[in-house]
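Spelled out, the chains give:
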2 protein chains.
Amino acid sequence: MAARKAAEQELSREQILEAARSLFAQKGYRAVSMRGIASQLGCSHGAIYYHFRDKAELFCALVEQGFQMLRAAIETALSEKAGNADKLRGLERVMMAFVRFGMEHPHHYEIMFLVNDPEIMRYSQPGQVQCYERFAEIVRSAVEGRWPVSGGMFTVPWSLFLSLHGFVTHYILTGQAYGDIVGLAETHIRLLVRSISS
Amino acid sequence: MAARKAAEQELSREQILEAARSLFAQKGYRAVSMRGIASQLGCSHGAIYYHFRDKAELFCALVEQGFQMLRAAIETALSEKAGNADKLRGLERVMMAFVRFGMEHPHHYEIMFLVNDPEIMRYSQPGQVQCYERFAEIVRSAVEGRWPVSGGMFTVPWSLFLSLHGFVTHYILTGQAYGDIVGLAETHIRLLVRSISS
DNA sequence: GCAAGTAATTGAACAGTGGTCAATTGCTTG
DNA sequence: CAAGCAATTGACCACTGTTCAATTACTTGC
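Residues numbered from 1 in each chain as written. Chains lettered and ligands numbered in written order. Predicted model: local features only at pLDDT ≥ 70, side-chain atom pairs only at ≥ 80, totals over all residues.

Draft legend 1. Representation of the overall build of chain A. The helix and strand inventory of chain A stands at ten helices and zero strands. Relative to its full complement of 198 residues, chain A shows a buried share of 32%. Sequence separation of 24 or more characterises 68% of the internal contacts of chain A that already satisfy a separation of 6 or more. (Helix = DSSP H or I, 4+ residues; strand = E, 2+ residues; numbered from the N terminus. Buried ≥ 20, exposed ≤ 12 C-beta atoms within 10 Å, placed from the backbone. Contact = placed C-beta atoms within 7 Å.)

Draft legend 2. Looking closely at the packing of helix 4 (residues 55-79) of chain A against helix 6 (residues 106-113) of chain A. Residue and element names in this part refer to chain A. Following both chains from N to C, one finds helix 4 and helix 6 inclined at 105°, their axes separated by 9 Å at the closest point. Relative to helix 6, helix 4 is oriented roughly perpendicular. For the pair helix 4 and helix 6, the contacting residues are Phe59, Val63, Gly66 and Phe67 in the first and His108, Ile111 and Met112 in the second. Residues that form the contact of helix 4 with helix 6 fall into these classes: five nonpolar, two polar and no charged. (Axes fitted to C-alpha atoms, helices over the stretch in contact; angles between N-to-C directions. Parallel < 35°, antiparallel > 145°, perpendicular 65-115°, else oblique. Nonpolar A, V, L, I, M, F, W, Y, C, P; charged D, E, K, R; others polar.)

Draft legend 3. Structural view of the nonpolar core. Of all hydrophobic cores here, the largest spans 92 residues; its most connected members are Val99, Val139 and Leu164 of chain A together with Val99, Val139 and Leu164 of chain B. Among the elements that line this core, the one with the most residues is helix 9 (residues 156-173) of chain A, at nine residues. Those residues in contact with Val139 of chain A, other than ones at most four positions away along the chain, are Leu91, Val156, Pro157 and Leu160 of chain A. (Core = buried A, V, L, I, M, F, W, Y, C linked by C-beta atoms within 7 Å.)

Draft legend 4. Representation of the domain arrangement of chain A. Residue and element names in this part refer to chain A. In terms of domains, chain A is made up of domain 1 (9-52) and domain 2 (57-194). Centre-to-centre, using C-alpha coordinates, domain 1 lies 29 Å away from domain 2. In the side of domain 1 that touches domain 2, the residues fall into seven nonpolar, one polar and one charged. (Domains from an automatic or database assignment.)

Draft legend 5. Structural context of the environment of Leu70 of chain B. All names here are of chain B. By the element assignment, Leu70 lies in helix 4 (residues 55-78). On a C-alpha basis, the gap between Leu70 and Glu110 in space is 13 Å, while along the polypeptide they are 40 residues apart. Residues contacting Leu70, with those up to four places away along its chain left out, are Phe101 and Cys131.

Draft legend 6. Layout of helix 8 (residues 126-143) of chain A. Residues and elements named next belong to chain A. Compared with an ideal rise of 1.5 Å per residue, which puts 18 residues at 26 Å, helix 8 spans 26 Å between its outermost C-alpha atoms and is within 8% of the ideal. All of the buried residues along helix 8 are Cys131, Phe135, Ile138, Val139, Ala142 and Val143. Seen along its axis, helix 8 keeps its buried residues to an arc of 125°; they face one direction. Of the residues in helix 8, the exposed ones pointing more than 90 degrees away from the buried face are Pro126, Val129, Glu133 and Glu137. As for helix 8, its buried residues are in contact with helix 4, helix 5 (87-104) and helix 9. Two residues or fewer past helix 8, Gly145 is found with a positive phi of approximately 95°. (Expected span 1.5 Å × (residues − 1). Arc of directions from axis to C-beta.)

Draft legend 7. The arrangement of the relation of the copies chain B and chain A in detail. Mapping chain B onto chain A leaves a residual RMSD of 0.1 Å; the transformation is a rotation of 180° accompanied by 0.0 Å of translation along its axis. Here the transformation between the copies is reduced to the relation of a two-fold axis. An overlap of 100% is found between the interface residues of chain B and their copies at the interface of chain A, pointing to a shared contact surface. (Least-squares fit on C-alpha atoms with pLDDT ≥ 70 in both.)

Draft legend 8. Representation of the packing of helix 10 (residues 178-194) of chain A against helix 9 (residues 156-173) of chain B. Direction vectors running N to C along helix 10 of chain A and helix 9 of chain B enclose 75°, while the axes themselves pass 10 Å from each other. Relative to helix 9 of chain B, helix 10 of chain A is oriented roughly perpendicular. Here helix 10 of chain A contributes Thr187, His188 and Leu191 of chain A to the contact with helix 9 of chain B, which in turn contributes Val156, Ser159 and Leu162 of chain B. Here the residues of the contact of helix 10 of chain A with helix 9 of chain B are counted per class, giving three nonpolar, three polar and no charged.

And the structure:
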């Protein structure tokens, strides 16, 4: 006792992603229901399951887009009229870009780095690995010479990342805006860079 | 068409907390249902609502206990045959204690520092503030002299905390055990302390 | 000793969730 | 034009947190 829509109004993967993106960005993962997305699209919730296996898969498609955005933000920050001489400043800018990205796309960040729902962890997220690899490369390049990079695992990039991660995580939770914490972020990052520049 | 239990078998707040604690510790906040807790207690789910307003209030009661544990862990670490001479080592031990606490009580930590459910954020958590104040005090005391503590907001303790927070957050998410990451934690903390000891 | 009142418990009911699936339909191809 | 396919529907299931009238055990006043 159901029907099929006319070809013009048929549901596309892209349309679903777009509606879902705006909803997830407003309310976060759990607060958005498949029925909610469907009603925004003007279709039934069952239809979405034809295009995506479940809510998690739908969401993870958006997450991968998020990592692409982050990579772009990092490259942009790195190439800002780089004082190539001072790679540490470049690193600082990259770290700021990371914080900024997290604060300006909190719900993206949340799922990219902060989701423990098994239903989401099922899906692998290659974008995350790529993103971190790039960051580590930038750190290594900035530290080169000042620090014994070889000899055992070089965990400095990882420590820096986790320290930024803690910052972003906390301020996302408290719902603050990027503008409110730029100063604190700069102080935080300067302290971190200080620890590797001596 | 219901009944009341005999006085001997009546439900106490403590019993509920105990059952809930073990369940939450195993499965986390969302994966535990009120009906699940009730069935473990051998009562109906409605009965719990007589003792706690809602699921969030029940959980937050456990969180406050968590902060008490954390404070105790910090004090213990600080008083471990302290080389009072070297307060930086004491700080390192306190930071390790923090990481250890997080890793050994991941679900406690999760709700103490990682919950964004509005339903839980409604309840204020005084324990968190107290805990951080104590930590900041220890940092200030360790840094005294080496660093311009006065003059503007002294954000170093906050930066250190966020950097630890990022570490714990990440490894809780990946479900690792404390033993697996002690080494990494030590490296991380040494890097952080390095940034304030120069 | 008994009646009234209170405190605690129950389970049905409600509105919501994610997910499944037979039935139905529009479109496409032979 | 008939057969088949692809897309959509909405009833349905099992579950969630929460509410609340009804019921009962215990306590208190007389």
